[in-house]
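Take a look at the letters that make up each chain.
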Amino acid sequence: MYKKNTVKAGLFGIGLQAYWEQFDGLKERLTGYLDTVAQHLAAFDAEIVNVGLVDTPQLAFDSGAVFKREDVDIIFLYVSTYALSATVLPVVKKANVPVIVLNLSPEASIDYKKFNNLSNRTAMTGEWLAHCSSCSVPEIANVFNRNKIAFYQVTGMLNNDSHVWNEVEEWLDAARVARTMYYNRLGVMGNYYSGMMDIYTDLTLQCSTFGGHIEVIEVDELSGLRTTVTEQEIADKLQEIEQEFDVQEDCSSAELHRAAQTAVALDKLIDKHQLGSLAYYHKGSGNPANENTVTSVILGNSLLTGKNVPVAGEYEIKNAQAMKIMDSFGAGGSFTEYYAMDYNDDVVLMGHDGPCHPRIAEGKIKVKPLQVYHGKVGNGLSVEMSVSHGPVTLFSVVEAGDGKLKFLVAEGESVPGAILEIGNTNSRYKFQIGARAFTEAWNEQGSAHHCAIGRGHMASRIKKLGDILKVETIKIC
């Protein structure tokens, strides 16, 4: 897959050139504030393009050209004092990327007694201007709105304000995920499960929303790659399977060998097409080679999902995108759907057959043989796991009826308790609004019956990603 995942963030501060001769030390003081912002940004996983303090329209045009040339993904505008909107618009209009306005006061409050005891009113005015960060934000907002430029605000203090830097980190994280999706190569292998109309999607809409490339792959290619796998490669993969999973005693050596061979072939397929994610499904009937392939993919696809190449079954392309987003946020992203309701414990049971995400499992994942893949052809090995207990986020990429995508998100908890030990993923989720209200609210939004589950509460980050991609985000709870 493409490795262009490091986000590039533009940074500039603003000021008014006329002030510098009037107020000694003001420019240097504001530049120092901007340096503080740059140091905070540098502490996050980002490449910072800092053009410094922009104080004239001409410098604004020059700075916009720098951001355009450097291909920044997001811009942070630090408002340090009053400045003309003419020193802002050319910068962001040229770059044409999301703008985060940092309205940060240097301290929690002006020291009024010290301020009023200054020797003269010129010094007082200079001190006032050093605290005047909020003054020009309304002007900038007005001009942005009239130019149809989306902007987002972080308001607070330059120093000793964790809220500010948590917000900044989330914006950088969201911009990084947007960049990851833009360069991602999604493989689609096989065909839709016939009649499962909610998962059908417009591939061009996916690319126009997220960017990236979709590579259409035949199952025959994976079957062909299986024939090139060596016994040494199978032995190495079997060792990996034993290390990663808790293989149950009733798993036959023949089935493990078959799954390992397919897992190696999957690795080769991913490398050949440089894929960062995959959606697949194939009936596998009428062609013994293909049936052998598609009934032995679950272990290999689970291993890939744990290596940042999420794999969605049932050709669920929208959910492969959701899983990739969750995985790129570091939250995991395992394929799931409703199983049942437990009204005694007020929880929703969710899981799915097929691959899981090993990095977010509660304990070691069990491998079990299934005599039948329900609703599908054949039989073989499957995985059984629960998502680790604690905060979780459900996330769905929804194709609405208006030709657009939207994000649907809910935060809850993965809780312990009895699960269905049927060789599939299975977890119990509790929501603050209760199981009934959650279920009705989620269904009301028209999500497909699949979604991605990840660890942690990620709604705030997903909302920021939606803002960057101009996708509506709906939070259920």
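Residues numbered from 1 in each chain as written. Predicted model: local features only at pLDDT ≥ 70, side-chain atom pairs only at ≥ 80, totals over all residues. Heavy atoms only, no water.

**Student:** Before we move on, can you summarise the overall build of the protein with the specific residues and values?
**Tutor:** On a plain count of helices and strands, the protein comes out with 17 helices and 19 strands. Relative to its 477 residues, the protein shows a buried fraction of 58%. In the protein, of all internal contacts separated by at least 6 residues, the share reaching a separation of at least 24 is 79%. Carbon together with sulfur atoms contributes 49% to the accessible area of the protein, which is approximately 20,100 Å² in total. Taking the average location of the 42 positive side-chain charges in the protein and that of its 58 negative ones, the two points are 5 Å from each other. (Helix = DSSP H or I, 4+ residues; strand = E, 2+ residues; numbered from the N terminus. Buried < 20%, exposed > 50% of the residue type's maximum accessible area, 1.4 Å probe, protein only. Contact = heavy atoms within 4.5 Å. Areas by Shrake-Rupley, 256 points an atom, 1.4 Å probe, with all protein chains shown as cover. Lys, Arg positive; Asp, Glu negative; His and termini not counted. Charge placed at Lys NZ, Arg CZ, Asp CG, Glu CD.)

**Student:** Break down the sheet that holds strand 9 (residues 277–281) for me, with residues and values.
**Tutor:** With parallel pairing, 4 strands are arranged side by side in an open sheet as 7-6-9-10. Single-partner strands in this sheet number two, and they are strand 7 (213–217) and strand 10 (311–312). With 5 bridges joining them, strand 6 (residues 185–190) and strand 7 adopt parallel strand pairing. The residue of strand 7 that forms the bridge with Val-188 is Val-216. (Pairing = 2+ DSSP bridges.)

**Student:** Residues and numbers for the side chain of Asp-73, please.
**Tutor:** Inspection of the secondary structure assignment puts Asp-73 in the loop between helix 3 (57–70) and strand 3 (74–79). At 2.9 Å, the side chain of Asp-73 and the side chain of Arg-179 are in polar contact. Residues within four places of Asp-73 in sequence aside, it is in contact with Thr-6, Val-7, Lys-8, Val-97, Pro-98 and Arg-179. (Polar contact = N/O pair within 3.5 Å; in protein donor to acceptor, adjacent residues only side chain to side chain.)

**Student:** Describe the nonpolar core, naming the residues involved and giving the relevant values.
**Tutor:** Core analysis: the biggest nonpolar cluster contains 70 residues, and Phe-76, Leu-102, Val-168, Leu-172, Ile-325, Phe-407 and Leu-465 have the highest contact counts within it. If one sorts the elements of this core by residue count, helix 8 (residues 162–183) sits on top with 10 residues. Grouped together as the second largest cluster of nonpolar side chains are 57 residues, Ile-298, Val-309, Leu-381 and Ala-441 included. (Core = buried A, V, L, I, M, F, W, Y, C linked by side-chain atoms within 4.5 Å.)

**Student:** So what's going on with the pattern of salt bridges? Which residues, and what values?
**Tutor:** Counting across every chain of the model gives 22 salt bridges. Note that Arg-428 and Asp-345 form a salt bridge whose closest N and O atoms lie 2.6 Å from each other. One end of the pair, Arg-428, is in strand 17 (residues 425–430); the other, Asp-345, is in the loop between strand 11 (332–342) and strand 12 (347–352), with 83 residues separating them in the sequence. The class of Arg-428 is buried, set by a relative accessible area of 5%. Residue classification places Asp-345 among the partly exposed residues on the basis of a relative accessible area of 39%. Between Glu-384 and Lys-368 there is a salt bridge whose closest N-O contact spans 2.9 Å. (Salt bridge = Lys/Arg side-chain N within 4 Å of Asp/Glu carboxyl O.)

**Student:** Explain the environment of Leu-238 to me, and be specific about the residues and the numbers.
**Tutor:** Counting through the fold element by element, Leu-238 comes out in helix 11 (residues 231–244). For the pair Leu-238 and Gln-261, spaced 23 residues apart in the sequence, the C-alpha separation amounts to 8.8 Å. Residues contacting Leu-238, with those up to four places away along its chain left out, are Leu-256, His-257 and Ala-260.

**Student:** Just give me the short version of helix 6 (residues 121–130), but keep the residues and values in it.
**Tutor:** Here helix 6 has its buried residues at Met-124, Gly-126, Leu-129 and Ala-130. For helix 6, the elements touching its buried residues are helix 1 (18–22), helix 2 (26–42) and helix 5 (112–116). Sitting at the head of helix 6, Asn-120 places a side-chain oxygen 3.0 Å from the backbone nitrogen of Thr-122.

**Student:** Lay out the sheet that holds strand 3 in plain terms, naming residues and giving numbers.
**Tutor:** Remark on secondary structure: sheet strands pair via backbone hydrogen bonds, oriented parallel or antiparallel. Ordered by their spatial adjacency, 5 strands build an open sheet running 2-1-3-4-5, and the pairing between neighbours is parallel. Single-partner strands in this sheet number two, and they are strand 2 (46–54) and strand 5 (151–157). Geometrically, the sheet is characterised by an average inter-axis angle of 20° between neighbouring strands, direction not taken into account. Two elements, strand 1 (residues 7–14) and strand 2, share 7 bridges in a ladder whose sense is parallel. Its bridge partner being in strand 2, Val-7 is matched across the sheet by Ala-46. Across the sheet, helix 8 lies against strand 1, strand 2, strand 3, strand 4 (99–105) and strand 5, angled at about 150° from strand 5, the strand it touches most. (Axes fitted to C-alpha atoms, helices over the stretch in contact; angles between N-to-C directions.)

**Student:** Outline the packing of aromatic side chains, supporting the account with residue identities and numerical values.
**Tutor:** As enumerated under the stated definition, the model contains 13 aromatic pairs in all. Measuring from ring centre to ring centre gives 6.2 Å for Phe-210 and Phe-407, while their planes differ by 15°; the resulting arrangement is stacked. On the criterion of sequence distance, the pair formed by Phe-210 in helix 9 (residues 203–210) and Phe-407 in strand 16 (residues 405–415) is long-range, its members being 197 residues apart. For Phe-210, a relative accessible area of 2% corresponds to the buried category. (Phe/Tyr/Trp six-rings, centres within 6.5 Å; stacked < 30°, edge-to-face > 60°.)

**Student:** Go over the pairing of strand 9, please, and point to the residues and values.
**Tutor:** Of all 5 residues in strand 9, 5 are buried; the element is thus mostly enclosed. One ladder, built from 5 bridges, connects strand 6 with strand 9; its direction is parallel. If you follow Gly-190 over to strand 9, its bridge partner there is Tyr-281. The pairing of strand 9 with strand 10 spans 2 bridges and is parallel. Each residue of the ladder has a partner; that of Ala-279, found in strand 10, is Ala-312.

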